[in-house]
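Spelled out from the first residue to the last, the chains are:
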Amino acid sequence: MLKTLTSRCSSHVAFVAHARRYVPVGEPASPLLRCIIGQNKRGLYIIRKFCSDSTDGSDPDGATVRVKSGGDGDEAAESKSSSAIVPTLVKPEDCLTVVALPLSHRPLFPGFYMPVYVKDPKLLAALTESRKRQAPYAGAFLVKDEEGTEGSDSEKNIYDLKGKDLFNRLHEVGTLAQITSIQGDQVVLIGHRRLRISEMVSEDPLTVKVDHLKEIPYDKDDDILKATSFEVISTLRDVLKTSPLWRDHAQTYIQHVGDFTYPRVADFGAAISGANKQQCQQVLEELDVHKRLKLTLELVKKEMEISKIQESIAKAIEEKISGEQRRYLLNEQLKAIKKELGLETDDKTALSGKFRERLDPKKEKIPAHVLQVIEEELAKLQLLEASSSEFNVTRNYLDWLTALPWGEYSDENFDVLRAQEILDEDHYGLTDVKERILEFIAVGKLRGISQGKIVCLSGPPGVGKTSIGRSIARALNRKFYRFSVGGLSDVAEIKGHRRTYIGAMPGKMVQCLKSVGTANPLVLIDEIDKLGRGHAGDPASAMLELLDPEQNANFLDHYLDVPIDLSKVLFVCTANVIENIPNPLLDRMEVISIAGYITDEKMHIARDYLEKATRDTCGIKPEQVEVTDSALLALIENYCREAGVRNLQKQIEKIYRKIALQLVRQGGNLEPANVGTEVQLDEDKVDSGSSSYESVVGAEASENTQEAEIVDSPANQDDTLEAENNETSEAAKKVEKVLVDSSNLVDFVGKPVFHADRIYEHTPVGVVMGLAWTAMGGSTLYIETSHVEQGEGKGSLNLTGQLGDVMKESAQIAHTVARAILLEKDPENQFFANTKIHLHVPAGATPKDGPSAGCTMITSMLSLAMNKPVKKDLAMTGEVTLTRKILPIGGVKEKTIAARRSEVKTIVFPSANRRDFDELAANVKEGLDVHFVDDYSQIYALAFDESQ
């Protein structure tokens, strides 16, 4: 039974003024369209096939389209399709001469809108005039591509074409287009029917004669045609499901064209496909409906494949996102895009979450005023744009505020015995420092809590000031942080920069707290005596707040601008010369002086610490080398006399490097004769550039073995070779011990650097040994006096030896005192009144200054005046006044060590320094005859003993 399927249409006709034209606007319910887009409203049937009633297959405007159902029906219904736009005066079929409108991108298909930009003013004027004459039609023709031009270049070339050139570039087949509107240079066209250019009428603007084309008649009941159309429809329906935009195309198309027929299905599929313009032009030129459908089917199949790829991509993204909310999906896509473009920025919510995660564990420990600042900055961060400069400043500020260890302290060690073991394990000697640290631990144990302290370790280089800081931190179980302030001239390094500056950072203390993660670390401030001063302020003054126990509980950094509690921090400062530290800063520190090491201490340090560490560093086993005590003693006395042990470590490393080289060379040229023996370096051969080893045991046996192997029979040569290889490999495993003794020490470290401090075995007349303190420790110092000329009234004093102002004044005082003493002892002796004296202090290249050489100068002058040498092995130090009183001096330990090194037996010290001497270790005082004096008369009696 054949059912008639009519389209339900509610058409509203809008009449244009002056009855120029009308445009029926409605919503025809095309069954085929509903089949394609999947609608199934009440009263409509989803059809499987369709055909047109027109016998020639054409579809003129206003023609009746009859669509049949797929049943056996014997009824048919006709319905008027929605008519396309039809002008009132000129019909489309009457347009035989039209203005040629070139299209650069795609051809225009019947039933589709296309906006076109017209750059040619004459062509635009002709189109406007044609629309005014009630003949709003033009011919839209695709322009052929010119070789070597693409994209915008070809479009520019089209605008430059005129007349015949343009005519030759146009495709013959185009579309009759109705001009629906003209706004400026934009012309909106809608396609009506196919045209073919026959000839050119005029050139500017290009006007051509055209022939209207109709489809080749086809059999609407052809099974192949139906099957092809159904496949196109099926594919279109699948494609339309994936793209809402294509549904809009279908709705618009049916409004202006009417029901779908075979030709219209082909046009529709080609028009909405993403094919290139040549493929679309091919569909437009094809008049055989079956071939046109096949071409369209290829295009829509490609579209279907593209849709599948698009769907697979979308599905893959959906699987990754796994059903999150739409906002989250959009955010993730936005992040992915920004990441690909390199524009990814921190999300404000994520930043706030990160900062709050840091705060939560220690929120109760953070001071209230700091917590308030953090909350205000977090609220401010949410209001700022991520692209603003203030956003980055606030983010960095919050990063520092939340990263600091507010109220977090490490568990301290209050075990004095364990701390003593750790300190002794790392350093030998340094009793004063160790005792002070143990006192600090004991006080903390009794109180139950430890406070911060400011300790300054002063002493010459290389005595272990910096390294002891790390050991103290380990003994106290505190975090360790070190920074050097030597040459520092910017206050901002201590107090931080203000946040208004670009690249602002907090000061060193805030960086320290963030780095160690606790609020009670041990901070080692190195080289505090070498603070600089520049245009950026005085760092020494800025250190006053940091190192003041009364102020550092509320230390204010310029960057953070909130008080920080540093009262639990243990500050350990190091300095070489405390006189260079400003007095206000020095007053805030507890100074512990570390003098140099004596020979015995250096021996212990070298044997127990330096040698083991150097041996491990060089990869040498203990059984491969032996350094005797005599070699170490010679190394210390002749090469490393400085107060510290840094140079001693360098010399030991030098010895072991040379030993490592010799062991490697020996292993490469190893002979069985030298295997398993102890060797001693031959001094003469090593010094000449070649190393040889003298075999002590087993040489003759090895030679006999080699001779036996050489005279072996040829039949046993293979066995002999194998035996030699085995012996060589076994020999390589054996150990050769290199012996370093005082006799061959020069082969490893070169000629001695120092010679004996004692220039004179027996001091001559006018020469006395003094004791001096230097930054490198203590040293002996000779005062030499000689007369230049004698004559009545020629008494004067000449000084040389790079003496400072204080030492020159001491020499003048010594001259006056010596003259007075000589008058008392020998009134007849007019030596000082009539003799010009020259006083010299070697070495001349070394600057010298200080008052402690006064008594030595007096003794030297009196020795010259009385022509009597002083007591043997005597050294003295002390400042003398004009009244012959001996004043105290400094550096007692260093001067005592220097005297021992020079094998001096008798030392003279001021009585006020008796306490300093008593505090020295017993091994330092051992074997010394020390005299403490208040007046120079005691020195005179000791130096010029009549029994001598």
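The rules behind each value
Residues numbered from 1 in each chain as written. Predicted model: local features only at pLDDT ≥ 70, side-chain atom pairs only at ≥ 80, totals over all residues. Heavy atoms only, no water. Helix = DSSP H or I, 4+ residues; strand = E, 2+ residues; numbered from the N terminus. Buried < 20%, exposed > 50% of the residue type's maximum accessible area, 1.4 Å probe, protein only. Contact = heavy atoms within 4.5 Å. Areas by Shrake-Rupley, 256 points an atom, 1.4 Å probe, with all protein chains shown as cover. Salt bridge = Lys/Arg side-chain N within 4 Å of Asp/Glu carboxyl O. Core = buried A, V, L, I, M, F, W, Y, C linked by side-chain atoms within 4.5 Å. UniProt positions renumbered as here; feature names shortened; annotations may be inferred. Phe/Tyr/Trp six-rings, centres within 6.5 Å; stacked < 30°, edge-to-face > 60°. Disulfide = S-S within 2.5 Å. Patch = residues over 30% accessible without salt bridge, like charges linked within 9 Å, V, L, I, M, F, W, Y side chains within 5 Å. Lys, Arg positive; Asp, Glu negative; His and termini not counted. Charge placed at Lys NZ, Arg CZ, Asp CG, Glu CD. Pairing = 2+ DSSP bridges. Axes fitted to C-alpha atoms, helices over the stretch in contact; angles between N-to-C directions. Expected span 1.5 Å × (residues − 1). Arc of directions from axis to C-beta. pLDDT = per-residue confidence, 0-100.

A. View of the overall build of the protein. Secondary structure summary: the protein contains 34 helices and 30 strands in total. Counting all 948 residues of the protein, 46% fall into the buried class. If you take every contact in the protein between residues at least 6 apart in sequence, the share linking residues at least 24 apart comes to 74%. For the protein, the exposed area adds up to about 48,000 Å²; of that, 49% sits on carbon and sulfur atoms.

B. Main features of the pattern of salt bridges. One pass over the structure, following the stated rule, counts 22 salt bridges. Across the salt bridge formed by E199 and K209, the nearest N and O atoms sit 3.9 Å from each other. With a gap of 10 residues between them, E199 in strand β10 (residues 186-202) and K209 in strand β11 (residues 207-212) connect regions that are remote in the sequence. On the accessibility criterion, E199 (40% relative accessible area) is partly exposed. In this structure, E590 engages R436 in a salt bridge whose closest nitrogen and oxygen atoms are separated by 2.5 Å. A residue pair is termed long-range when its members are at least 10 positions apart, and E590 in strand β18 (residues 590-593) and R436 in helix α15 (residues 431-447) qualify at 154 residues. Given a relative accessible area of 14%, R436 falls into the buried group.

C. Structural context of the nonpolar core. Ranked by size, the top nonpolar core spans 53 residues in total, and within it I525, I528, L546, L547 and L560 carry the most contacts. Those residues in contact with L560, other than ones at most four positions away along the chain, are Y397, W400, L401, L404, R499 and V510.

D. Summary view of the UniProt feature "active site" (unreviewed entry) in the protein. When the UniProt feature table is mapped onto this chain, "active site" (unreviewed entry) is found at S852 and K895. For the annotated residues, spread through 44 residues, the largest C-alpha to C-alpha distance comes to 11.2 Å, consistent with a single compact locus. Within the secondary structure layout, S852 lies in the loop between β25 (835-840) and α30 (854-866). By relative accessible area, S852 is classed as buried at 16%. Residues in contact with S852, not counting those within four places in the same chain, are L771, T877, G878, E879, I889 and K895. Locating K895 in the fold gives a position in helix α31 (residues 892-901).

E. How the structure looks around the packing of aromatic side chains. Enumeration over the complete set of coordinates arrives at seven aromatic pairs. For the pair F909 and F917, a centre-to-centre distance of 6.1 Å together with 50° between the ring planes defines the contact as tilted. The same class applies to F909 as to F917, namely buried. Between Y940 and F944 the ring centres are 5.1 Å apart and the planes differ by 50°, which places this aromatic pair in the tilted class. Of the two residues, Y940 and F944, neither departs from the other in class, the shared state being buried. Put simply, the rings of F909, F917 and F932 pair up and form one aromatic cluster.

F. Representation of the environment of E377 within the structure. Within the secondary structure, E377 is located in helix α12 (residues 368-383). Along the backbone, E377 and T394 are 17 residues apart, and their C-alpha atoms lie at a distance of 6.8 Å. Non-local contacts of E377, meaning those with residues more than four positions away in its chain, are made with T394, Y397 and L398.

G. Representation of the state of the cysteines in the model. If you walk through the whole model with that rule in mind, you get zero disulfides. Unpaired in terms of disulfides, C456 finds its nearest cysteine sulfur in C573, a separation of 5.7 Å. On the accessibility criterion, C456 (0% relative accessible area) is buried.

H. Region of interest: unusual backbone geometry. Positioned with a positive phi, N477 is a non-glycine residue whose angle comes to about 60°. Secondary-structure assignment places N477 in the loop between α16 (465-476) and β13 (480-484). At R884, a position not held by glycine, the phi torsion is positive, near 75°. Among the secondary structure elements, R884 is positioned in the loop between β27 (879-880) and β28 (886-887).

I. Spatial organisation of a negative patch on the surface. Taken together, the side chains of D432, E435, E439, D918 and E919 make up a negatively charged region of the molecular surface. The leading source of residues in the negative patch is α15, at three residues. Here D918 is to be found in helix α32 (residues 914-918).

J. Here's a closer look at a nonpolar patch on the surface. Judged by side-chain polarity, I309, I313 and I317 come together as a nonpolar surface patch covering roughly 270 Å² of accessible area. Mapped onto the secondary structure, I309 falls in helix α9 (residues 289-321).

K. Broad picture of helix α7 (residues 262-272). Taken across its 11 residues, α7 has 11 buried, putting it largely inside the fold. Every buried residue of α7 is accounted for by Y262, P263, R264, V265, A266, D267, F268, G269, A270, A271 and I272.

L. Summary view of the sheet that holds strand β17 (residues 570-575). Strand order in this open sheet of five strands is β13-β14-β17-β12-β18, and the pairing throughout is parallel. Strands with a single pairing partner mark the edges of an open sheet, and in this sheet they are β13 and β18. When the angles between neighbouring strand axes are averaged without regard to direction, this sheet yields 20°. Pairing of β13 with strand β14 (residues 522-526) involves five bridges; the strand directions are parallel. Opposite F480, over in β14, you have L522 as the bridge partner. Against the sheet, α15 contacts β12 (454-458), β17 and β18, and its axis sits at roughly 145° relative to β18. Sheet strands touched by α16: β12, β13, β14 and β17. Its angle to β14, the strand with the most contacts, is close to 175°.

M. Here's a closer look at helix α11 (residues 348-359). With 12 residues, α11 should reach 16 Å at 1.5 Å per residue; the first-to-last C-alpha distance of 17 Å fits that figure. Listing the buried residues of α11 in full gives L351, S352, F355 and L359. Buried positions in α11, seen along its axis, are confined to an arc of 95° and lie on one side of it. The exposed set on the far side of α11, more than 90 degrees from its buried face, consists of T349 and E357.

N. Representation of the confidence of the model for the protein in the model. When pLDDT is averaged along the protein, the result is 76, and 77% of the positions lie at 70 or above. Taken as a whole, residues 727-733 scores under 50 in pLDDT and shows five contacts with residues more than four places along the chain or in a different chain.

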